[in-house]
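# Examination of the molecular architecture
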Amino acid sequence: MRFKRLRSWAVVAAAVPAALGLAGTVAPAAHAETSPQGANDWNCKPSFVHPRPVVLVHGTFENMAFNWQKLSPALKKAGYCVYALNYGGPKDGPIQGIGDIPTSAGELAAFVDRVTASTGASKVDIVGHSQGGMMPRYYMKFLGGAAKVNRLVGIVPSNHGTNMSGLVELGTLLGITQEVVKAALPRASRSSARTS
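Definitions and cut-offs
- Counting restarts for each chain: residues are numbered from 1 in the order of the written sequence.
- For a predicted model such as this one, the threshold for reporting local features is a pLDDT of at least 70, and the threshold for listing and counting side-chain atom pairs is 80 or more; totals across whole chains, interfaces and linings nevertheless cover every residue.
- Neither water nor hydrogens contribute to the side-chain values; these are computed over all heavy atoms in the structure.
- Helix axes use the C-alpha atoms of the stretch in contact, all axes being lines fitted to C-alpha atoms, and the angles between their N-to-C directions lie in the range 0 to 180 degrees.
- Per the convention used, a helix needs a DSSP run of H or I reaching at least four residues, while a strand needs a run of E reaching at least two, with both numbered from the N terminus.
- Note on terminology: angles under 35 degrees are roughly parallel, angles over 145 are roughly antiparallel, angles of 65 to 115 are roughly perpendicular, and the others are oblique.
- Contacts are residue-level and defined by heavy atoms, with any inter-residue pair within 4.5 Å sufficient.
- All residues other than Ala, Val, Leu, Ile, Met, Phe, Trp, Tyr, Cys, Pro, Asp, Glu, Lys and Arg, Gly among them, are scored as polar; the first ten of these are nonpolar and the last four charged.
- The classification of residues rests on relative accessible area computed with a 1.4 Å probe and restricted to protein chains. Under 20% of the type maximum is buried, over 50% is exposed, and intermediate values are partly exposed.
- Any pair of N or O atoms that falls within 3.5 Å is considered a polar contact. Within protein, one atom must be able to donate a hydrogen and the other to accept it, and sequence-neighbouring residues count only if both atoms are side-chain atoms.
- By definition, a salt bridge exists where a carboxyl oxygen of Asp or Glu is found within 4 Å of a side-chain nitrogen of Lys or Arg.

Turning to the packing of helix α5 (residues 101–119) against helix α6 (residues 131–142), a few remarks are in order. For the pair α5 and α6, the least separation of the axes is 8 Å and the interaxial angle reads 80°. Our classification of the angle between α5 and α6 gives roughly perpendicular. Facing Ile-101, Pro-102, Ser-104, Ala-105, Leu-108, Ala-109 and Val-112 of α5, the residues of α6 in contact are Gln-131, Met-134, Met-135, Pro-136, Tyr-138 and Tyr-139. Looking at the contact of α5 with α6 residue by residue, the class counts come to eleven nonpolar, two polar and no charged.

Let's shift gears to the side chain of Thr-119. Relative to the elements of secondary structure, Thr-119 occurs in helix α5. Here Thr-119 falls in the buried class, since its relative accessible area comes to 8%. Side-chain polar atoms of Thr-119 contact the backbone oxygen of Val-115, separated by 2.9 Å. The residues contacting Thr-119, other than those within four sequence positions of it, are Cys-44, Lys-45, Pro-46, Pro-53 and Tyr-83.

Here we come to the pattern of salt bridges. Scanning the entire structure with this criterion turns up four salt bridges. With a shortest N-O distance of 3.5 Å, Asp-41 and Lys-76 are connected by a salt bridge. With Asp-41 in the loop between α2 (23–26) and β1 (54–57) and Lys-76 in helix α4 (residues 71–77), this residue pair connects regions lying 35 residues apart in the sequence. On the accessibility criterion, Asp-41 (32% relative accessible area) is partly exposed. With a closest N to O distance of 3.2 Å, Arg-52 and Asp-125 form a salt bridge. On the criterion of sequence distance, the pair formed by Arg-52 in the loop between α2 and β1 and Asp-125 in strand β3 (residues 124–129) is long-range, its members being 73 residues apart. Judged by its relative accessible area of 26%, Arg-52 is partly exposed.

See below:
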């Protein structure tokens, strides 16, 4: 019981800096719009051995550069055409994956169409982490993605939703939830959010 409580607090302690955009103070963080190493080579053509491009879909409060630092170069080295996107957040915002699922799924749909047009492949394989493992299911079920996705691999997908180990409730109780969301927005959006 005591270990479980300590583990829960460790999750909270690790998530708060990321939620506040402070991850760069703990470890060097890549710029949100920077593709992870090995990803988004728009000249890549799938091989006979690996006929489908792999699309990497990050999780909540993540971005493609941070979430796929290890997997993207490993897949590229193994011979796959690898692609990654940011979704569900402001352009150039360090925190992504905070938008509503239908809108995020629409962004994924457009990205998959771009990947298939570029590579000539009829289908992609998707690897998603957390929300990135769940959100593509909406794309596949409601936006025609089932015809364009061969395989969906979810790494700890949030298929049943999440309260982020109690962080949402804690933020609401402390009155900081809105401030965390505002911190994720670029400066221009923050000033317009304050006036509305």
